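Residue-level listing of the chains:
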Amino acid sequence: MLDMTLAEMARGLASGELKSSELTKALLDRIEQHDEKINSFITVTRDEALEAADAADAARARGEAGALTGAPIALKDIFCTKDVLTTCASHMLDNFVSPYDATVVERLKAAGTVSLGKTNMDEFAMGSSNENSFFGPVHNPWNLDHVPGGSSGGSAAAIAAGFVPAAMGTDTGGSIRQPASFCGITGLKPTYGRVSRYGIIAYASSLDQAGPMARTAEDCALLMNVIAGHDQRDSTCVNQDVPDYTAELDKPLKGLRIGLPVEYFGEGLDAGVEKVVREAIRTYEALGATVVEVSLPHTRLAIPTYYVIAPAEASSNLSRYDGVRFGHRCDDPKDLIDMYLRSRAEGFGEEVKRRILMGTHTLSEGFYDAYYRKAQRVRRLIRQDFIDAFEKVDVLMGPAAPTPAFGIGQQSDPIQMYLGDIYTIAINLAGIPGISVPVGFTDGLPVGLQILGPHFGESRLLNTAHVFQQNTDWHTRRPTLD
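Let me begin by describing the structure that accompanies this report. (Residues numbered from 1 in each chain as written. Predicted model: local features only at pLDDT ≥ 70, side-chain atom pairs only at ≥ 80, totals over all residues. Heavy atoms only, no water.)

Across its full length, the protein chain holds 15 helices and eleven strands. Taking 23 Å as the expected radius of gyration for a compact globule of 482 residues, we find that the protein chain reaches 21 Å, a close match to that expectation. When the 482 residues of the protein chain are sorted by exposure, 60% land in the buried category. For the protein chain, the share of sequence-separated contacts (at least 6 apart) that also reach a separation of at least 24 residues comes to 75%. Here the protein chain has roughly 18,200 Å² of accessible surface; of this, 50% comes from carbon and sulfur atoms. (Helix = DSSP H or I, 4+ residues; strand = E, 2+ residues; numbered from the N terminus. Rg over C-alpha atoms; globule rule 2.2 N^0.38 Å. Buried < 20%, exposed > 50% of the residue type's maximum accessible area, 1.4 Å probe, protein only. Contact = heavy atoms within 4.5 Å. Areas by Shrake-Rupley, 256 points an atom, 1.4 Å probe, with all protein chains shown as cover.)

Right, let's talk about the nonpolar core for a bit. Judged by nonpolar contacts, the single largest core of 111 residues is most densely connected at F124, F386 and I451. It is helix α9 (residues 302–317) that provides the largest number of residues to this core, a total of nine residues. Non-local contacts of F124, meaning those with residues more than four positions away in its chain, are made with C88, S90, M92, L93, I201, Y203, L318, Y321, F348 and V352. With 28 residues, the next largest nonpolar core counts L27, L28, I31 and A157 among its residues. (Core = buried A, V, L, I, M, F, W, Y, C linked by side-chain atoms within 4.5 Å.)

Tracing the backbone shows W142 in the loop between β3 (114–119) and α5 (153–160). C-alpha of W142 to C-alpha of L336: the two residues are 194 residues apart in sequence and 48 Å apart in space. A distance of 3.0 Å separates a polar side-chain atom of W142 from the backbone oxygen of C183. (Polar contact = N/O pair within 3.5 Å; in protein donor to acceptor, adjacent residues only side chain to side chain.)

Our next topic: the sheet that holds strand β2 (residues 72–76). Judged by pairing direction, the sheet is mixed, and its eleven strands sit side by side in the order β1-β3-β2-β4-β6-β5-β10-β11-β9-β7-β8 without closing on themselves. Of all strands in the sheet, those with a lone pairing partner are β1 (41–44) and β8 (290–294), marking the two edges. On average, each strand axis in the sheet is tilted by 30 degrees relative to the strand beside it, whichever way the strands run. Bridge analysis of strand β5 (residues 186–189) against strand β6 (residues 210–214) gives two bridges, and the strand direction is antiparallel. Counted as the bridge partner of G187 is M213 from β6. Against the sheet, helix α8 (residues 271–286) makes contact with β7 (257–261), β8, β9 (395–399), β10 (434–442) and β11 (445–452), and its axis sits at roughly 50 degrees relative to β11, the strand it touches most. Sheet strands in contact with helix α15 (residues 458–470) are β5, β9, β10 and β11, and its direction is about 20 degrees off that of β10. (Pairing = 2+ DSSP bridges. Axes fitted to C-alpha atoms, helices over the stretch in contact; angles between N-to-C directions.)

This brings us to unusual backbone geometry. With an omega of 5 degrees, the peptide bond running from G150 to S151 counts as cis. The topology assignment puts S151 in the loop between β3 and α5. Of note, the phi angle at A89 is positive, near 60 degrees, even though the residue is not glycine. Following the sequence through the fold, A89 ends up in the loop between β2 and α4 (103–110). Given a relative accessible area of 0%, A89 falls into the buried group.

Applying the stated rule across the entire model yields 16 aromatic pairs. Centre to centre, the rings of Y321 and F348 are 6.2 Å apart; their planes meet at 85 degrees, and the pair counts as edge-to-face. You can see Y321 sitting in the loop between α9 and α10 (336–347) and its partner F348 sitting in the loop between α10 and α11 (350–363), a full 27 residues away along the chain. Comparing Y321 with F348, the two get one shared label, buried. Their ring planes at 55 degrees and their centres at 6.1 Å tell us that F441 and W474 sit as a pair that is tilted. Of the two residues, F441 sits in strand β10 while W474 sits in the segment after α15, which places them 33 residues apart along the sequence. Take W474: its relative accessible area is 26%, and that puts it in the partly exposed class. (Phe/Tyr/Trp six-rings, centres within 6.5 Å; stacked < 30°, edge-to-face > 60°.)

Structural data, given as structure tokens:
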């Protein structure tokens, strides 16, 4: 039962073979038994989950259930959740109980899903390893000495460990796709504006995007049917009809045009990762797809562009944490300035401080034009690279990350850590959708294939991933925790 996908659980609940109360209790017991060594959850909402599960069973008995009523999930601890601790994995917010629900949470509750709790993450979503958490690092279930990726590493690890079949994450520069790759699960970053950001604690507002993480593309499609759509409370949320993302999952791939960016298969790519990814692409060719090389010439500029724009927006967004209105406040401040300085110094971790300083510098007088404005111009060139590529092909494919999961504490140089995002960051700068799908292993660790599509091309991505998963079994592999 605990190894079922979200879709399998939903079908079992609909047929009456499963009860949400029994399923929820079994998963909560598994979390209690094993999460001490994974550290994937910050808060487990046991009582609230059991109450919601009972309500879901009652709704089904009355014939009032939807497709996901009673299905268990988890939420990255960046989504405001009413009456539940919402920390963003930071000392700054370690006592913050949200008075309202994020739109994503609101819609999942309305669909009848049962949240088991809030998952660990890099503080304020700043990181690629889930080592930057006030609550300690998350461990990769495939090898406890390795990272699960970040910043949605807690969500990815919880799914891989069998604690939940699906969870919500956020992706600012690869924070759904990279941990999905490291943990051997499926993770989708939707088009920017496809899912509301209302109630998501902001890192970089022009880059942040919520998305589903699960075992399969089918699971992600089910969740997208719930969370996607216009929200008038978010001015960046697109007012566009939402398709049924499950409708074309089984569409044959014959004639699919796949582009392989030459920039994604060059220097810095681990040989084992490349071997696994190319084998997956050969599987697509056997399924009827055609493969051509394409170029994304401004890829090399993606990391410097991102690390100008994202910290600049973070500097602005995090200025609200001043020790006055909410969040951490230092003890016995001497005066107002002392309170500001010590509250922020004590409340933020090292990586968050680093990015605030970087962002404040690039926005300061004399540097705005030299850095921030120039980065925005390069961002437009990066976006145009993808637009040009999708005139020739239907999807792009390549590795989600240049290496498998690295060891905890191994990447002490922040610059080297940033370079690990080379294949994911440009996608956020362009605002297009991307999905990571498990396609094999190297050195006993999972490898993810990243599939990219044009704006609002999520249905094609989910179809492309689903058909692959119908013809392979990599997504069914599970780590052993006992």
